[in-house]
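# Structural characterization, general
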Amino acid sequence: MLLEAGIWIGISTLIHYAWFRKKTEREKIDLVFKNIKYGFQDQLPYYFKTIKSDTCNTYIYHLPYGLIDDPKLEIILQKTLNRPVKIELKNQLFIKVYHEDLNSKYNYKFIKLDNWQLPIGYSLGEELIYHDFDKIPHMTVAGATRWGKTVFMKSLMTHFIENHPNDVEFFILDLKGGLSFHRYANIKQVKVVASNYKESASALQMVEQEIKQTMQQFKSNYQENILDTKINKRKFIIIDEAGELVPNNSMSDEDKFNAKICQRIMSHIVRVSGGLGYRMIFGTQYPTAKIMDNQIKANSSAKISFKLETSTQSNVAIDQDGAEKLEYPGRAIYKTVHEHVVQTFFINSDEMWRRLRRYEVNDSARTKKDQRREDIVTFG
Ligand SMILES: Nc1ncnc2c1ncn2[C@@H]1O[C@H](COP(=O)(O)OP(=O)(O)OP(=O)(O)O)[C@@H](O)[C@H]1O
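This is a predicted model, so every value here is computed, not measured. (Residues numbered from 1 in each chain as written. Predicted model: local features only at pLDDT ≥ 70, side-chain atom pairs only at ≥ 80, totals over all residues. Heavy atoms only, no water.)

We now examine the UniProt feature "binding site: ATP" (unreviewed entry) in the protein chain. UniProt feature "binding site: ATP" (unreviewed entry): in the numbering of this structure it lies at G143, A144, T145, R146, W147, G148, K149 and T150. Those annotated residues lining the second largest pocket are, specifically, A144, T145, R146, W147, G148, K149 and T150. Take T145: it is sitting in the loop between strand 8 (139–142) and helix 4 (149–163). We classify T145 as partly exposed; its relative accessible area is 46%. Turning to its location among the elements, K149 is positioned in helix 4. (UniProt positions renumbered as here; feature names shortened; annotations may be inferred. 1 Å grid on protein atoms, 1.4 Å probe; cavity = no way out; pocket = protein on both sides within 12 Å on 5 of 7 lines; lining within 4 Å. Helix = DSSP H or I, 4+ residues; strand = E, 2+ residues; numbered from the N terminus. Buried < 20%, exposed > 50% of the residue type's maximum accessible area, 1.4 Å probe, protein only.)

According to the domain assignment, the protein chain consists of domain 1 (24–98) and domain 2 (106–375). Counting residues at the interface gives four residues for domain 1, matched by four residues for domain 2. Across the interface of domain 1 and domain 2, roughly 340 Å² is buried in total on both sides, 64% from carbon and sulfur atoms. Considering only the side of domain 1, the residues that lose the most area to domain 2 are T55, K86 and Y98, jointly responsible for 80% of the buried surface there. For the interface between domain 1 and domain 2, the tally reads zero salt bridges. Linking domain 1 with domain 2 are one residue pair in polar contact (both at pLDDT 80 or more). Of the residues contributing to the side of domain 1 that touches domain 2, the split by class is two nonpolar, one polar and one charged. (Domains from an automatic or database assignment. Contact = heavy atoms within 4.5 Å. Buried area = accessible area lost by both parts, 1.4 Å probe. Salt bridge = Lys/Arg side-chain N within 4 Å of Asp/Glu carboxyl O. Polar contact = N/O pair within 3.5 Å; in protein donor to acceptor, adjacent residues only side chain to side chain. Nonpolar A, V, L, I, M, F, W, Y, C, P; charged D, E, K, R; others polar.)

Burial runs high along strand 11 (residues 234–240): seven of the seven residues are buried. Judged by which residues are buried, strand 11 turns out to be covered on both faces: R234, F236, I238 and D240 on one side and K235, I237 and I239 on the other are all buried. As judged from the six bridges shared by strand 11 and strand 12 (residues 278–284), these two strands associate in the parallel manner. Its bridge partner lying in strand 12, K235 is registered against Y278. Chirality of the crossover, the property in question, places the unit of strand 11, helix 6 (residues 253–272) and strand 12 among those that are right-handed. (Pairing = 2+ DSSP bridges. Right-handed = clockwise from strand over helix to strand, strands pointing away.)

Volume-wise, the largest pocket comes out at about 1700 Å³. Lining of the largest pocket is provided by 36 residues; of these, E74, Q78, V85, E339 and V341 occupy positions nearest its centre. Contributions of two or more residues to the lining of the largest pocket are made by helix 3 (71–81), strand 3 (85–89), strand 14 (331–335) and strand 15 (339–346). Classifying every residue of the lining of the largest pocket gives 13 nonpolar, seven polar and 16 charged. Shared between two domains, the lining of the largest pocket takes at least three residues from each, and those domains are domain 1 (24–98) and domain 2 (106–375). Here the second largest pocket defines a volume of roughly 460 Å³. Lining the second largest pocket are 23 residues, with R146, G148, K149, T150 and V151 sitting closest to its centre. For the lining of the second largest pocket, the secondary structure elements donating two or more residues are helix 4 and strand 15. (Points joined across faces, edges and corners; volume = space filled by probe spheres on them.)

See the structure below:
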């Protein structure tokens, strides 16, 4: 009698333990598959193995033939496990469950990368995500005001000046009155900082003229692409706020005229100059079809978006929803063929100046150089 009671207590304790014990991550993943019916007919993903690392646990599953990815799965697993989750579907299903979320700030640091690669920021697991401007020359940068566009452009500038002080050149259109980039106008690598329509049109005409000359030079040497030459120079045209360059009725005739020149040359730059070593960074807080027109979008296969107001804007900027849900300044979606959520690097003006001031040239040297440039440029 006593023995029977003891066995019964033992069994019920076991049942109780099995029922109430904390489920493992893997058990929870299996339950999610079952509950949301993520499978093909009655076949669910079949567990293969787990790889544990310092940053995450990766659960690998074989998939029944015919089962494709489901965008909801990542969100459901994230909520169920209460951890950041990233899902990749290659031949198998890889579910990465991270121990830590992304930090909301990573300070800029000098990172030596090959050639014309730019560290964009960290994605989950502190994986460094970088962009190769020799593979994809032009980039659009969208984001509502105060969410990180200008800081991103500044860290791009600092990175390339630190990595290629003798080979990089910048043409900057700072249409927020020159407030963000004026301080760097006398840096050796900065050819011009334009802060109004007239200066912007002149700066872009300067670029257009240089493109013409480079083209001529390539033609006479039977060269097709800068990557097949020994030329190390790369020229970046930064547009910080492209929305200002769309002609509208509140502009004076002269401003409209100059804005139209800018539109024409920006479109020329993205169409013809990538192979010649020119890279355009097209920034806007207003991603509408009018501002980010088809020409710019089609020729800028790299897209970054910081937080935007609506999913409609997100679809214009990066061809998908998501930018409207970003939560922190500096957090962005970087999209080429692949897509990554990243925390971009933070740099403030003092730090940038501390790093770049050694490249400052004095005013008289700059004036002489500008005069020489003006000799070859036809201003509109
Ligand atoms: N990568 C980052 N990491 C952390 N915080 C950031 C980052 N980038 C920007 N911030 C924060 O957001 C603020 C605004 O950034 P930024 O000036 O780049 O915005 P913006 O989108 O260019 O705005 P605006 O269009 O008004 O110029 C910064 O002063 C900083 O406090």
